[in-house]
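Tertiary structure, described
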Amino acid sequence: MLTVGPGWTFLLDSASFAASAALLALVRVRHVPIPRRSLRADLAEGWSEVRSRDWYWTSLIAHGVWNGTSAVLLTLGPALAVERLGGEGVWIATVQVGAAGLVAGALLAARVRPRRPVLVANAGLAALALPLALFAVAAPAPLLVAAYGLALTGLGVLTPTWETVVQLTIPPQALARVTSYDWLLSLAAAPLGYALAPWAASIWGPSVPLWTAAVLVGAACLGTAAVPGVRRLTMPEAAPDAATASPQPQAG
């Protein structure tokens, strides 16, 4: 965007969505008839599955806090980069290194299989506190860029690890209902972060919301270690016929 302008950036982004849609259209799955049920019954069943697993719902709270505090950084970071840290190039470098960290984290998750995956992955998310704190004190740009790359590496580790654990742990017939709560609760805080960050910054200055976000994300993500289910959950084993089973349709 810095070199070609926002128009070409949006065009490239839309092309990536079109490519994704084309690839999804090529996927063939076995049709599984689904009995008719009321929306209320589906919601109740999904919530019952969520509530019965303390590792799941407490992690959703932590993930929601991560998304909300990430929104604080994404809202205030660009302005601080331009006003205090050297200009647009600093922010461009930050998000580009973050994208590289996201890919590196996903590759790392494919090779490293921790015994307690949710515990380790949630702890990695707490790394977002570092760039939030560094932006709050207007630290040198190289530190900010590296810290954000580390934080997004944690997210890259979490995403495939979390999805694998959920797929292997939640009963297939309840998976779509459970993951709908995942998307709802995990992402609900992001709009709050986008809305509250500039409001708080206009009253107390940007350091206050950034420090607050740093404390919240660190406490929420590391705090899941106090949950018995998070500490005890080990990586489930895939079913013996998982490699040959037909893919099941699912939402979320």
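For clarity, every value in this text was computed on a predicted model and none was experimentally measured.

Rules used in this analysis
- Residues numbered from 1 in each chain as written.
- Predicted model: local features only at pLDDT ≥ 70, side-chain atom pairs only at ≥ 80, totals over all residues.
- Heavy atoms only, no water.
- Helix = DSSP H or I, 4+ residues; strand = E, 2+ residues; numbered from the N terminus.
- Rg over C-alpha atoms; globule rule 2.2 N^0.38 Å.
- Buried < 20%, exposed > 50% of the residue type's maximum accessible area, 1.4 Å probe, protein only.
- Contact = heavy atoms within 4.5 Å.
- Lys, Arg positive; Asp, Glu negative; His and termini not counted.
- Charge placed at Lys NZ, Arg CZ, Asp CG, Glu CD.
- Salt bridge = Lys/Arg side-chain N within 4 Å of Asp/Glu carboxyl O.
- Axes fitted to C-alpha atoms, helices over the stretch in contact; angles between N-to-C directions.
- Parallel < 35°, antiparallel > 145°, perpendicular 65-115°, else oblique.
- Nonpolar A, V, L, I, M, F, W, Y, C, P; charged D, E, K, R; others polar.
- Core = buried A, V, L, I, M, F, W, Y, C linked by side-chain atoms within 4.5 Å.
- Phe/Tyr/Trp six-rings, centres within 6.5 Å; stacked < 30°, edge-to-face > 60°.
- Patch = residues over 30% accessible without salt bridge, like charges linked within 9 Å, V, L, I, M, F, W, Y side chains within 5 Å.
- Areas by Shrake-Rupley, 256 points an atom, 1.4 Å probe, with all protein chains shown as cover.

**Re the overall build of the protein chain**
Counting secondary structure elements, the protein chain contains eleven helices and zero strands. Going from N to C terminus, the protein chain has its helices and strands arranged as α-α-α-α-α-α-α-α-α-α-α. Its C-alpha radius of gyration of 20 Å places the protein chain within 12% of the 18 Å reference for a compact globule of 252 residues. Every one of the 252 residues in the protein chain was classed for burial, and the buried ones make up 38%. Restricting the contact set of the protein chain to residue pairs at least 6 apart, pairs at least 24 apart contribute 86%. Of the charged side chains in the protein chain, 15 are positive and 11 negative; the average position of the first set lies 8 Å away from that of the second.

**Section: the pattern of salt bridges**
A complete count under the given rule lists three salt bridges for this structure. Between arginine 177 and aspartate 42 there is a salt bridge; the shortest N-O distance is 2.9 Å. Highlighted residues: arginine 177 in helix H8 (residues 175-187) and aspartate 42 in helix H2 (residues 39-51), separated in sequence by 135 residues. According to the relative accessible area criterion, arginine 177 is buried, its value standing at 16%. Among the salt bridges present, the one from glutamate 49 reaches arginine 53, with a minimum N-O distance of 2.6 Å. Arginine 53 shares its class with glutamate 49; the two are buried. Linked by salt bridges that have partners in common, Asp42, Glu45 and Arg177 make up one network.

**Some remarks on the packing of helix H3 (residues 54-84) against helix H4 (residues 88-111)**
Axis separation between H3 and H4 bottoms out at 7 Å; the angle between their running directions is 140°. Considered as vectors, H3 and H4 are oriented oblique to each other. Where H3 approaches H4, its residues Leu73, Leu74, Gly77, Pro78, Ala81 and Val82 are matched on the opposing element by Glu88, Val90 and Trp91. Its residues placed into classes, the contact of H3 with H4 shows seven nonpolar, one polar and one charged.

**Considering helix H6 (residues 129-136)**
The element H6 is largely enclosed, with a buried count of seven among its eight residues. Turning to H6, its buried residues are Ala129, Pro131, Leu132, Ala133, Leu134, Phe135 and Ala136. Structurally, H6 contributes buried residues whose contacts are with H3, H4, helix H7 (141-169) and helix H10 (207-223). Of the residues trailing H6, alanine 138 is marked for its positive phi of about 50°.

**Things to note about the nonpolar core**
With 51 residues, the main nonpolar core has Trp55, Tyr56, Leu132, Phe135, Trp162 and Leu210 as its most contacted residues. When contributions to this core are tallied by element, the ones reaching two or more residues are H3, H4, helix H5 (117-125), H6, H7, H8, helix H9 (189-204) and H10.

**Section: the environment of threonine 159**
As for its position among the elements, threonine 159 is in helix H7. Counting along the chain gives 57 residues from threonine 159 to leucine 102, while the straight-line C-alpha distance between them is 9.5 Å.

**Details of the packing of aromatic side chains**
All chains considered together, the criterion is met by six aromatic pairs. An angle of 85° between the planes, with centres 5.8 Å apart, marks the rings of tryptophan 199 and tryptophan 204 as edge-to-face. Joined through ring pairs, the aromatic side chains of Trp55, Tyr56 and Trp162 make up one cluster.

**What about the packing of H5 against H10?**
Here H5 crosses H10 at 175°, and the two axes come no closer than 8 Å. Between H5 and H10, the angle falls in the class roughly antiparallel. Touching Asn122, Ala123 and Leu125 of H5 are Val217, Cys221 and Leu222, all from H10. A per-class count over the contact of H5 with H10 returns five nonpolar, one polar and no charged.

**Observations regarding a nonpolar patch on the surface**
A surface patch of nonpolar side chains, amounting to about 630 Å² of accessible area, comprises Leu192, Leu196, Trp199, Ile203, Trp204 and Val208. It is H9 that provides the largest number of residues to the nonpolar patch, a total of five residues.

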